[in-house]
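Structural description and commentary
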Amino acid sequence: MSFSLHEKEDTIVALATPQGVGAIAVIRLSGKDAIKITNRIFKGKDLEKQASHTIHFGTIRDEEKIIDEVLVSIFVAPKSFTKENVVEISTHGSSYIVNQVIKLFVSHGARPAKPGEFTQRAFLHGQFDLAQAEAVADLIHSDSETSHQAAMNQMRGGFSSEIQKLRNELIHFASMIELELDFGEEDVEFANRNDLKVLVEKLLRAVELLISSFDLGNVIKNGVPTVIAGKPNAGKSTLLNALLNEEKAIVSEIAGTTRDFIEDEINIGGVIFRFIDTAGLRETTDIIEAIGVSRTQEKMKTASLILYLFDLTDTDMVEINRDINRLENQGVPFIKVANKIDKASPDFVRELKAKYPDTIFISAGQKENLEVLKSRILELVNLDKFRTGNTIVINIRHYDSLVKTRQSLLDVLEGLDRQITNDFLAMDIRRSLHYLGEITGEITTDDLLANIFSKFCIGK
Ligand SMILES: Nc1nc2c(ncn2[C@@H]2O[C@H](COP(=O)(O)OP(=O)(O)OP(=O)(O)O)[C@@H](O)[C@H]2O)c(=O)[nH]1
Ligand SMILES: [Mg+2]
C-alpha cells in the first residue's frame, strides 16, 4: 500500500474509538474539506463560521431523517493533530449509528481512512518525526508501567533528539570533507582526521549503547520470558494458573500432562512477565512428550528467568539436584521453588526450610506464598534497569538501522586507519548519516512509510 499525491489531498474519515457498543463513539475527519463536508449533514450552527477549538451541539441528518444527536468539535488547520482541518463527532455509541454516519460522510465527499493515515499525515506535515509517530502505536499498545514509560519517552522525542544530536555532529564533518572534495587536486584539509576519529569513536559508543538497550526494550515491550520448569507433576501448570487466576493450562495427576508450552503475560510490580509453562523434564519413550521435553530445554536457554519447581513431598532429591546443577551451568538466573507445602507436615516443611534457605516454599494448589515468590521474581530481574531515564530502543526497525549505522561507522574508522581517499571516506560517512536519518524519518521512501503505517489500526 502506498499513498499517491492525490490521495493525500482527500478528506478522510474513520471511527477513532473501538468498534462495538459504548457510551459514546468518536468519528474523526481530517482534510481540507472536513468542516465543509460535516456542515452538509449537520443541522445546528454553520460550522464553517465557527472558531477553532469549539464544540457544537446539533443533529446529523440523512435528508430529513435524524440519525443522531451529536457534539461536533472543530480544529482549524494547522492547529490540529494532523495539521489539517479536523472534525471530531461524538455520537451515541451504537455501531448502527456509527456506520450510518460514516456512510453519510462518504457519500458527501470523504473517503474511509487507511490504517495509520491520520498519524501519517501528522508526520508528513511535520507534527513529529518518524520515531515519534511509531511511538504513538507503541503507546496505544503499552499495557504496563515500564512499556508505557519507554513509549512515552520516545513519543515526546527523547530518543529522536539523541539520534538527531549524533547525526548533526557527523553532518558537520561530512560537509567539511565534501568541501575538500570540491577543491579536488589541491591539498587542503578542512576536516582534521584525528578529530573525526575521536568523533566517530564517540558516536560508536553511543550507538552501541542504544543497540544493547534493545534487549531490555524487547523485554519491556513483550515481557520478561520466564520459564516454569521441573519434573512432571511438580505442579507447573497449577502454578501458571494460580499466577494468572484462570484455568489456562490443563492440570492432572497424570505425569506428562503438558506437552506444548503454554504462555501468558502477568504484570508484577509494573513489569510484564511472559510466563511459559512447559513439559515436565524426564526421560520418556513417548515421542510427543519427548519433543515437548526437548522444546522445554530450548525454551530454558532463551529465558531471562527460570522457576525451577519441585514437589517437596514426592521427590528424589538426587534427581532434583542434578537438574539444579545443570541450571547453574546454563547461566540463566533461576529460583528454586518447593511446591505442595499443604501436603506436608509443618515440621517437615520447617526442617526443609532450614536446610534449603534459598528455596521458596509455596502451595500452587492453595495459592499460598505466591506473593513471596513474586517479590523474589522482581528482585531477580533488577528493576533499576527498567526505571532508568536512559533511552531504550523498543522498535526493531530502529534496532536494524542502528546496527547498519554501527557497521558504516566501523567502515569510516577503518578507512581513516587505512588513509583511504576522501571520496570513499565521504561515502562511508554519508552511509552512516543515511541509516541514522532512517530512524527519525529524515530519510524516507514511500515503501518504508507504507510499511510502518500499515501496521497501525484504522482510525489512528
Ligand atoms: N496438594 C497439592 N497438589 C498440587 C499442588 N500443585 C499441584 N498439585 C497437583 O499435582 C498434580 C500435577 O499438577 P500439574 O500442575 O498438572 O503438574 P505439572 O508440573 O504441570 O505436570 P506435567 O504437565 O505433567 O509436567 C495435579 O493433580 C495437581 O492438582 C499443590 O500445591 N498442592
Ligand atoms: Mg503441566
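Residues numbered from 1 in each chain as written. Chains lettered and ligands numbered in written order. Predicted model: local features only at pLDDT ≥ 70, side-chain atom pairs only at ≥ 80, totals over all residues. Heavy atoms only, no water.

From N to C terminus, the protein chain includes 17 helices and 13 strands. In terms of C-alpha radius of gyration, the protein chain reaches 29 Å, well past the compact-globule figure of 23 Å for 460 residues. By its C-alpha atoms, the protein chain is 80 × 80 × 40 Å across when sized along the principal axes. Restricting to contacts in the protein chain with at least 6 residues of sequence separation, those with at least 24 account for 66%. (Helix = DSSP H or I, 4+ residues; strand = E, 2+ residues; numbered from the N terminus. Rg over C-alpha atoms; globule rule 2.2 N^0.38 Å. Contact = heavy atoms within 4.5 Å.)

Another point: helix H3 (residues 95–107). Here H3 is 13 residues long and its end C-alpha atoms lie 18 Å apart, about the 18 Å a rise of 1.5 Å per residue gives. Regarding H3, the residues found buried are Ile97, Val98, Gln100, Val101, Ile102, Leu104 and Phe105. Each element contacted by the buried residues of H3 is listed here: strand S1 (12–15), strand S2 (24–30), helix H2 (34–41), strand S4 (54–62), strand S5 (65–75) and strand S6 (86–92). For H3, the N-terminal cap is serine 94; the gap from its side-chain oxygen to the backbone nitrogen of tyrosine 96 is 3.2 Å. (Expected span 1.5 Å × (residues − 1). Buried < 20%, exposed > 50% of the residue type's maximum accessible area, 1.4 Å probe, protein only. Polar contact = N/O pair within 3.5 Å; in protein donor to acceptor, adjacent residues only side chain to side chain.)

Here we take up the sheet that holds strand S3 (residues 42–43). The strand order across the open sheet formed by 7 strands is S3-S4-S5-S6-S2-S1-S7, and the pairing between neighbours is mixed. Lying at the two open borders of the sheet, with one neighbouring strand each, are S3 and strand S7 (111–112). Bridging between S2 and S6 involves 7 bridges; their strand directions are antiparallel. Residue pairing in the sheet places isoleucine 24 in a bridge with histidine 92 of S6. (Pairing = 2+ DSSP bridges.)

All right, on to the packing of helix H7 (residues 158–182) against helix H16 (residues 422–440) then. Between two packed helices, both the angle of their axes relative to each other and the distance between the axes serve to describe the pair. Axis separation between H7 and H16 bottoms out at 9 Å; the angle between their running directions is 160°. Considered as vectors, H7 and H16 are oriented roughly antiparallel to each other. In the packing of H7 onto H16, the handedness of the crossing is left-handed. Per-class residue counts for the contact of H7 with H16 are 14 nonpolar, 6 polar and 5 charged. (Axes fitted to C-alpha atoms, helices over the stretch in contact; angles between N-to-C directions. Parallel < 35°, antiparallel > 145°, perpendicular 65-115°, else oblique. Left-handed = near helix turned anticlockwise from the far one by under 90°. Nonpolar A, V, L, I, M, F, W, Y, C, P; charged D, E, K, R; others polar.)

Turning our eyes to something else, we now look at the packing of helix H5 (residues 130–141) against helix H17 (residues 446–453). Interaxial distance between H5 and H17 falls to 11 Å at its minimum, and their mutual angle equals 20°. Taken together, the axis directions place H5 and H17 in an arrangement best described as roughly parallel. In contact with Leu130, Ala133 and Glu134 of H5, H17 contributes Leu448, Leu449, Ile452 and Phe453. Looking at side-chain class alone, the contact of H5 with H17 contains 6 nonpolar, no polar and 1 charged residues.

Below, the discussion takes up the sheet that holds strand S10 (residues 271–277). The strand order across the open sheet formed by 6 strands is S9-S10-S8-S11-S12-S13, and the pairing between neighbours is mixed. Each end of this open sheet is capped by a strand with a single partner; those strands are strand S9 (262–268) and strand S13 (359–361). The sheet shows a mean angle of 30° between the axes of neighbouring strands, direction not considered. As defined by bridge partners, strand S11 (residues 305–311) adjoins strand S12 (residues 334–339) across 6 bridges and the pair is classed as parallel. Its bridge partner lying in S12, phenylalanine 310 is registered against alanine 338. The strands that helix H10 (residues 287–302) touches are strand S8 (224–230), S9, S10 and S11; relative to S8, the one it contacts most, it runs at about 140°.

What follows covers the environment of lysine 299. Take lysine 299: it is sitting in helix H10. Distance from lysine 299 to phenylalanine 261, taken between C-alpha atoms, is 9.1 Å for residues 38 residues apart in sequence. Beyond its immediate sequence surroundings of up to four residues, lysine 299 is in contact with Val227, Phe261, Glu263 and Ile276.

This part takes up the coordination of the magnesium ion (ligand 2). The coordination sphere of the magnesium ion (ligand 2), as far as protein atoms go, consists of Ser237 (OG) and Thr258 (OG1), spread over 2.0 to 2.1 Å. Taken together, the residues span a long stretch of sequence, with serine 237 in helix H9 (residues 236–244) and threonine 258 in the loop between H9 and S9 at a distance of 21 residues. Comparing serine 237 with threonine 258, the two get one shared label, buried. (Donors = N, O, S within 2.8 Å, 3.2 Å for Na, K, Ca; no water.)

Near ligand 1 there are 24 residues, and of these Lys236, Thr238, Gly256, Thr257 and Thr258 occur at the shortest range. With respect to ligand 1, the backbone of asparagine 233 contributes an N or O atom lying 3.0 Å from an oxygen atom. Between glycine 235 and ligand 1, the recorded distance is 2.9 Å, taken from a backbone N or O atom to an oxygen atom. In isolation ligand 1 has 660 Å² of accessible area, and contact with the protein removes 87% of it. For the shell around ligand 1, the element with the highest residue contribution is H9, accounting for 3 residues. (Near = heavy atom within 4 Å. Areas by Shrake-Rupley, 256 points an atom, 1.4 Å probe, with all protein chains shown as cover.)

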